[in-house]
Amino acid sequence: MRKYFIQTFGCQMNQADSEKVNMILLQSGFMKAAKWQDADLIIFNTCSVRQKWEDRVFGLVDDIVKANKKAGKQKHVFGITGCMVRKTGMNKSYLDEDTERNKAKKIEYIEEKEGIYNHDDKLFPRIPNLDFTLRIEEVKYLNFILSRIYWETIWNDSKFDDYLKSKQLRENNFSASIIVQTGCDNYCTFCIVPFTRGKEISRERQEILSECREAVESGAKEITLLGQNVNSYGKQFVDKKLWNEEKSKWNDGIETSPFWELLRDINDIEWLDRIRFTSSNPHDMTNDILDSHFDLDKTCNYLHFALQSGSNEMLKRMNRKHTYDNFKAQVEYLRSKDPLFSISTDIIVGYSGETEEMFQETVNAFKELDFDFVYIARYSVRPGTIASKIYPDDVPDSVKAERWHTLNNILLESIQKRNGLMVGREEEILITGERDNQWFGRTRNFKEVFFEKTSEETKVGDLVKVKILEIDRWVLRGERV
Ligand code: SF4
């Protein structure tokens with residue numbers, strides 16, 4: 001039996017995408033290997049948001065090539081998917097009609113799929129040993145590609161007719177991540193997603209609901225809905241030209257948005273305890289979605305949405321469609337309804353043209369909004385983005401590093417302050433793991449809590465009550481009550 005290994009980089013969407021690949025490969029007769037050294041097939045599910053993730057992929061590729069050379073073994077079949085890939089394709093050796101192997105074998109059972117038998121992706125010249133590239137939205141072609149590479153039918157009974165329909169093989173039963181929307185129409189100048197994932201599409205509500213019910217029947221206590229712009233779920237079901245008009249109705253409470261309606265229906269699922277969603281875009285955030293955190297009892301008091309900069313001029317240059325004031329009003333609204341409401345965000349420092357004054361506006365945002373967590377990135381040019389074509393990378397690395405440290409120090413203070421609000425409270429924790437004889441898990445507002453194991457029978461995936469006793473840097477410590 002062939003073994004495969006998949007390594008995932010980046011966000012929760014990528015984690016969920018890897019679960020789709022897991023499902024396809026296991027149903028096709030592959031077995032999962034614990035490390036790449038034991039695998040026949042290695043897949044990297046990549047992320048382009050940060051330079052360091054791409055560097056890590058190239059580093060691992062080198063390790064594999066060196067290890068194979070040293071062992072003198074036949075190389076692994078090796079493919080890349082995720083955000084580093086622009087075009088699904090294969091190494092030239094599988095396409096060349098004149099090679100002895102290709103002449104000798106015919107794979108008549110595989111219908112030639114127009115467009116996928118090419119080696120056009122820019123990764124091929126950079127990584128000569130690469131066997132295939134796969135746009136994750138074309139995951140249905142994985143078996144066609146592997147059949148061509150192994151020269152035998154690699155197939156399974158499931159019908160993977162498109163990316164959104166293909167099933168995930170979940171890593172755990174108690175917390176299910178379900179993709180409801182993919183792609184992006186926003187074209188932020190620093191971002192590659194609209195070019196890799198394409199236009200925004202949403203999945204049919206009934207299909208999502210049946211997947212949610214299945215997950216809960218298999219033990220899920222928490223469901224996280226995923227999408228690049230999860231809060232504009234359903235845009236394709238509304239006339240796009242009318243989207244902004246519709247938004248004002250959802251803001252005024254005259255009607256409800258497709259995303260709120262999806263949340264309402266999931267909220268009705270018996271035995272489900274928690275609903276989360278990520279990632280939201282501030283400019284598509286409507287009042288009904290903000291209120292879902294209070295009106296729908298299973299929607300947790302935590303929201304991740306990306307500010308990116310505290311400077312409106314910077315936001316304009318990034319082609320973000322919100323202003324700092326819009327974002328601030330949304331945060332203040334949530335915290336006015338629930339002071340423990342957790343907010344996390346993404347920030348880029350040192351973006352093209354960021355002056356000291358503009359940076360100070362981001363510093364101000366950190367001080368005003370007391371974030372519970374922030375993913376702070378130092379800007380690096382991402383090939384293929386709009387910014388890579390029109391903006392210079394003109395902030396020196398030393399300044400980016402200094403700005404990063406300034407924000408990180410303020411963040412550490414705000415985390416301490418926000419975590420301090422939790423001390424003395426009894427909170428419900430969903431246990432997600434164990435380390436050094438302690439359980440750890442998350443509160444409803446996404447705070448990580450560690451607590452000693454007791455004699456009581458407990459396991460990962462249980463919901464337990466814990467009293468929060470103290471802050472320990474980024475996390476909380478408590479005891480079972
Ligand atoms: S909203 Fe902007 S940052 Fe988010 S995926 Fe779309 S283009 Fe990228």
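This structure is a prediction, so every number in the text was calculated from the model and none was measured. (Residues numbered from 1 in each chain as written. Predicted model: local features only at pLDDT ≥ 70, side-chain atom pairs only at ≥ 80, totals over all residues. Heavy atoms only, no water.)

Novice: How should I be thinking about the packing of helix H7 (residues 205-217) against helix H9 (residues 258-267) in this particular structure?
Specialist: The relative placement of two packed helices is expressed as an angle between their axes plus a distance between the axes. Packing of H7 against H9 brings their axes to within 10 Å, and their N-to-C directions diverge by 30°. Of the possible angle classes, the one that applies to H7 and H9 is roughly parallel. Considering only the axes of H7 and H9, their crossing is right-handed. Taking contact as the criterion, the partners of Arg-205, Ile-208, Leu-209 and Cys-212 in H7 are, on H9, Glu-261, Leu-262, Arg-264, Asp-265 and Ile-266. Classifying every residue of the contact of H7 with H9 by side-chain character gives five nonpolar, no polar and four charged. (Axes fitted to C-alpha atoms, helices over the stretch in contact; angles between N-to-C directions. Helix = DSSP H or I, 4+ residues; strand = E, 2+ residues; numbered from the N terminus. Parallel < 35°, antiparallel > 145°, perpendicular 65-115°, else oblique. Left-handed = near helix turned anticlockwise from the far one by under 90°. Contact = heavy atoms within 4.5 Å. Nonpolar A, V, L, I, M, F, W, Y, C, P; charged D, E, K, R; others polar.)

Novice: Which parts of the structure should I look at to understand the domain arrangement of the chain?
Specialist: Frequently, the measure chosen for interface size is the accessible area that the parts lose on association. Partitioning the chain into domains gives domain 1 (3-150), domain 2 (178-274 + 281-298), domain 3 (301-421) and domain 4 (426-480). The C-alpha-based centres of domain 1 and domain 2 are spaced at 31 Å. Listed as interface residues are 13 residues of domain 1 and, on the opposing side, eleven residues of domain 2. Our count for the domain 1 to domain 2 interface comes out at two salt bridges. In this structure, Arg-197 and Asp-17 form a salt bridge, with 2.7 Å as the shortest nitrogen-oxygen distance. (Domains from an automatic or database assignment. Salt bridge = Lys/Arg side-chain N within 4 Å of Asp/Glu carboxyl O.)

Novice: What's the story with the sheet that holds strand S12 (residues 302-304) in this structure? I'm lost.
Specialist: Each strand in a sheet pairs with its neighbour through backbone hydrogen bonds, running either in the same direction (parallel) or in the opposite one (antiparallel). With parallel pairing, the three strands of this open sheet are ordered in space as S12-S13-S14. Where the open sheet ends on each side, the last strands, each with one partner, are S12 and strand S14 (373-378). When strand polarity is set aside, the average angle formed by the axes of neighbouring strands in this sheet is 10°. Pairing analysis gives six bridges linking strand S13 (residues 342-349) to S14, with the strands arranged parallel. Residue pairing across strands places Val-349 opposite Arg-378, the latter belonging to S14. (Pairing = 2+ DSSP bridges.)

Novice: How do you make sense of the site of the ligand when you look at a structure like this?
Specialist: Taken together, the residues surrounding the ligand are Cys-184, Asn-186, Tyr-187, Cys-188, Phe-190, Cys-191, Val-193, Pro-194, Asn-229, Asn-281 and Arg-320. Of the residues contributing to the shell around the ligand, the split by class is seven nonpolar, three polar and one charged. (Near = heavy atom within 4 Å.)

Novice: Honestly, unusual backbone geometry in this entry has me stumped. Any pointers?
Specialist: What you tend to see is this: most non-glycine residues have negative phi, and most peptide bonds are trans. Cis peptide bonds are those with omega within 30 degrees of zero, and the linkage from Thr-278 to Ser-279 qualifies with 5°. Counting through the fold element by element, Ser-279 comes out in the loop between strand S11 (274-278) and helix H10 (287-295). In this structure, Asp-370 takes a positive phi of about 45° despite not being glycine. Notably, Phe-446 is not glycine yet its phi reads approximately 70°, a positive angle. Topologically, Phe-446 is positioned in the loop between strand S16 (438-442) and strand S17 (448-452).

Novice: For this particular structure, what's the right way to read the packing of aromatic side chains?
Specialist: The geometry of two aromatic rings is summed up by the distance between their centres and the angle between their planes. Tallied over the full model, the rule gives 22 aromatic pairs. For the ring pair Phe-327 and Phe-371, a centre distance of 6.3 Å and an interplane angle of 55° mean the geometry is tilted. Placement of the pair is Phe-327 in helix H12 (residues 324-337) and Phe-371 in the loop between helix H13 (356-369) and S14, with a sequence separation of 44 residues. The residues Phe-327 and Phe-371 share a single accessibility class, namely buried. Geometrically, the ring pair formed by Phe-373 and Tyr-375 is edge-to-face, given 5.0 Å between the ring centres and 75° between the ring planes. You can call Tyr-375 partly exposed: its relative accessible area is 38%. Connected via pairs of aromatic rings, a cluster forms that spans Phe-9, Phe-44, Trp-53 and Phe-78. Lying across the ring of Trp-53, Lys-52 places its NZ or CZ 5.5 Å from the centre. Directly above the ring of Phe-450 sits Arg-477, whose terminal nitrogen or CZ lies 5.1 Å from the centroid. (Phe/Tyr/Trp six-rings, centres within 6.5 Å; stacked < 30°, edge-to-face > 60°. Buried < 20%, exposed > 50% of the residue type's maximum accessible area, 1.4 Å probe, protein only. Lys NZ or Arg CZ within 6 Å of the ring centre and 35° of its normal.)

Novice: Can you walk me through the pairing of strand S3 (residues 41-46) in this structure?
Specialist: Along a regular strand, successive side chains alternate from one face of the sheet to the other. With respect to burial, S3 is a largely interior element, six of its six residues being buried. The side-chain alternation of S3 yields two buried faces, one formed by Leu-41, Ile-43 and Asn-45 and the other by Ile-42, Phe-44 and Thr-46. Across five bridges, the pairing between strand S1 (residues 3-8) and S3 is parallel. Paired with Gln-7 across the bridge in S3 is Phe-44. Relative to strand S4 (residues 77-82), S3 runs parallel, the two sharing six bridges. Looking at S4, one finds that Ile-43 is bridged to Gly-79.

Novice: Is there a simple way to think about the environment of Ile-145 in this case?
Specialist: Checked against the element boundaries, Ile-145 lands in helix H5 (residues 142-150). Ile-145 gets classed as buried once you look at its relative accessible area, which sits at 0%. Separated by 114 residues in sequence, Ile-145 and Met-31 have C-alpha atoms that sit 18 Å apart. With residues up to four places along the chain from it excluded, the contact list for Ile-145 reads Thr-88, Met-90, Ile-116, Phe-132, Thr-133 and Leu-134.

Novice: Hey, could you run me through the pattern of salt bridges in this one?
Specialist: Two side chains bearing opposite charge may form a pair once their charged atoms approach each other closely. Tallied over the entire structure, the rule returns 41 salt bridges. Residue Asp-38 pairs with Lys-35 through a salt bridge whose shortest N-O separation is 3.2 Å. Exposure remark for Asp-38: the relative accessible area of 38% places this residue in the partly exposed category. A salt bridge links Lys-447 to Asp-372; the shortest N-O distance between them is 2.7 Å.

Novice: What is the right way to read H10 from this model?
Specialist: Helical geometry: 3.6 residues make up each α-helical turn, so side chains three or four residues apart lie on a common side. Taken as a whole, H10 has its buried residues at Asp-288, Ile-289, Leu-290, Asp-291, Ser-292 and His-293. Looking at the packing, one finds that the buried side of H10 touches helix H8 (243-252), H9, S11, S12 and H12.

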